[in-house]
Every structure is written in C-alpha cells, then in structure tokens.
Amino acid sequence: MVDYKGQPDGAGRRICIVASRFNPMVTDQLVDGARSELLRRGVAEASLDVICVPGAWEIPAAAARAATGPYDAIVALGCVIRGETTHYEHIATAVTDGLTRVQLQTGIPIALGVLTTESLEQALARAGGEVGHLGVQAAEAALEMCDLFSRLEPS
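Novice: Any chance you could explain a nonpolar patch on the surface here in plain terms?
Specialist: On the surface, Val2, Tyr4 and Leu152 cluster together to form a nonpolar patch covering roughly 310 Å² of accessible area. By secondary structure assignment, the location of tyrosine 4 is in the segment before strand S1 (15-20). Taking relative accessible area as the criterion, tyrosine 4 reaches 48% and is therefore assigned partly exposed.

Novice: Before we go on, may I ask you to explain the packing of helix H1 (residues 24-40) against helix H5 (residues 134-152) in this structure?
Specialist: Packed helices, taken two at a time, are described by the angle their axes make and the gap between the axes. Orientation of H1 relative to H5, taken along the N-to-C sense of each, is 40°, at an axis distance of 7 Å. Accordingly, the angle class assigned to the pair H1 and H5 is oblique. The element H1 and its partner H5 pack so that their crossing is right-handed. Across the interface between the two elements, Leu30, Gly33, Ala34, Glu37 and Leu38 from H1 touch Leu134, Gly135, Val136, Ala139, Glu140 and Leu143 from H5. For the contact of H1 with H5, the residue count by class is seven nonpolar, two polar and two charged.

Novice: Where do I start with H1 in this structure?
Specialist: The periodicity of an α-helix, 3.6 residues per turn, causes residues three or four places apart in sequence to face the same way. An ideal rise of 1.5 Å per residue puts 24 Å on 17 residues; H1 measures up with 23 Å between its terminal C-alpha atoms. Residues of H1 that are buried: Val26, Thr27, Leu30, Val31, Gly33, Ala34, Glu37 and Leu38. Mapping the buried residues of H1 onto a view down its axis gives an arc of 165°, with all of them on the same face. Exposed side of H1, more than 90 degrees from the buried face: Met25 and Arg40 are the residues found there. Taken from the residues just after H1, glycine 42 is the one with a positive phi, measuring 105°.

Novice: Could you clarify how one ought to interpret the side chain of aspartate 147 in this entry?
Specialist: Here aspartate 147 shows up in helix H5. In terms of polar contacts, aspartate 147 uses its side chain to reach the side chain of arginine 151, at 2.6 Å.

Definitions and cut-offs
Residues numbered from 1 in each chain as written. Predicted model: local features only at pLDDT ≥ 70, side-chain atom pairs only at ≥ 80, totals over all residues. Heavy atoms only, no water. Patch = residues over 30% accessible without salt bridge, like charges linked within 9 Å, V, L, I, M, F, W, Y side chains within 5 Å. Areas by Shrake-Rupley, 256 points an atom, 1.4 Å probe, with all protein chains shown as cover. Salt bridge = Lys/Arg side-chain N within 4 Å of Asp/Glu carboxyl O. Helix = DSSP H or I, 4+ residues; strand = E, 2+ residues; numbered from the N terminus. Buried < 20%, exposed > 50% of the residue type's maximum accessible area, 1.4 Å probe, protein only. Axes fitted to C-alpha atoms, helices over the stretch in contact; angles between N-to-C directions. Parallel < 35°, antiparallel > 145°, perpendicular 65-115°, else oblique. Left-handed = near helix turned anticlockwise from the far one by under 90°. Contact = heavy atoms within 4.5 Å. Nonpolar A, V, L, I, M, F, W, Y, C, P; charged D, E, K, R; others polar. Expected span 1.5 Å × (residues − 1). Arc of directions from axis to C-beta. Polar contact = N/O pair within 3.5 Å; in protein donor to acceptor, adjacent residues only side chain to side chain.

Quick look at the structure:
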C-alpha cells in the first residue's frame, strides 16, 4: 500500500491568484496572506501572478481562462457576505460550483479561498484575525495539491 500526500513546496511552481476586488477590506488581506505564504513556501516572485476581478461572480471565468495558461495551480480568493436578499446564496453556490467544474475539466488544482460569512466581522476574523487566515490556508492547499497531482501522474 502506498499513501500519497502532497507537500506544500512551491519551488519551481507557477501559481495564479484570482481575487475579487469586492469587499477589499477583506480580500486585500486574503491576497496579501496568500502571496506571502506562496513566497515563503518557495514560489518565485516571477512565477506568481495575481488576476483581479470585480467580484466573486467573475472568479470562475477568470480561473477557467488562467487554467489554460502556464499555471500549476490557482488560488481563488474572495468574500461574499450575507445581505438582506437571497443574492448571497446564488453567488456562493455559483462560485463554488464553477470552480469545481474548472478544476475537474482542466485537471489544474484550484484552492477555494472564498469566504462566505454572515458579517464583515466574521470575514475579518477569517482573513488574518482570531479565527485564522483563509488566504494562507488556500495558498498552502494549492501547493499541496500541485505536489500530490505530480505524485499521481502515471510514469
């Protein structure tokens, strides 16, 4: 029996961050955390690109386009905060479903770093606050999946 587990090593990896500009108080922190973690894990600055899109809705389309490029993985970052209407549910579902489809169709790992929270306070707590940092976690997951996929390739 072989146990396969990826390592979050960025050496030699080309990574793309696709980030929503909506809710910049949160998303800027997610991008900063992901970028710092990727660089800390060995991704070269020249091998790290950031694509900014207007909102979370646009993340899957940009990720699909990026997945046709030279990237080993994509880190999807955004923040959807519940409001007074059902818009939140539609956007959150569309983003996660869209990213799932892109990942399965292209074979490029996409780390989900899109917060879906009830309030700005909850989002900030998860973007480097007392609950953790989803940007850092998504960056680590992207690198781990890159390594895992390379270990699972047929020889």
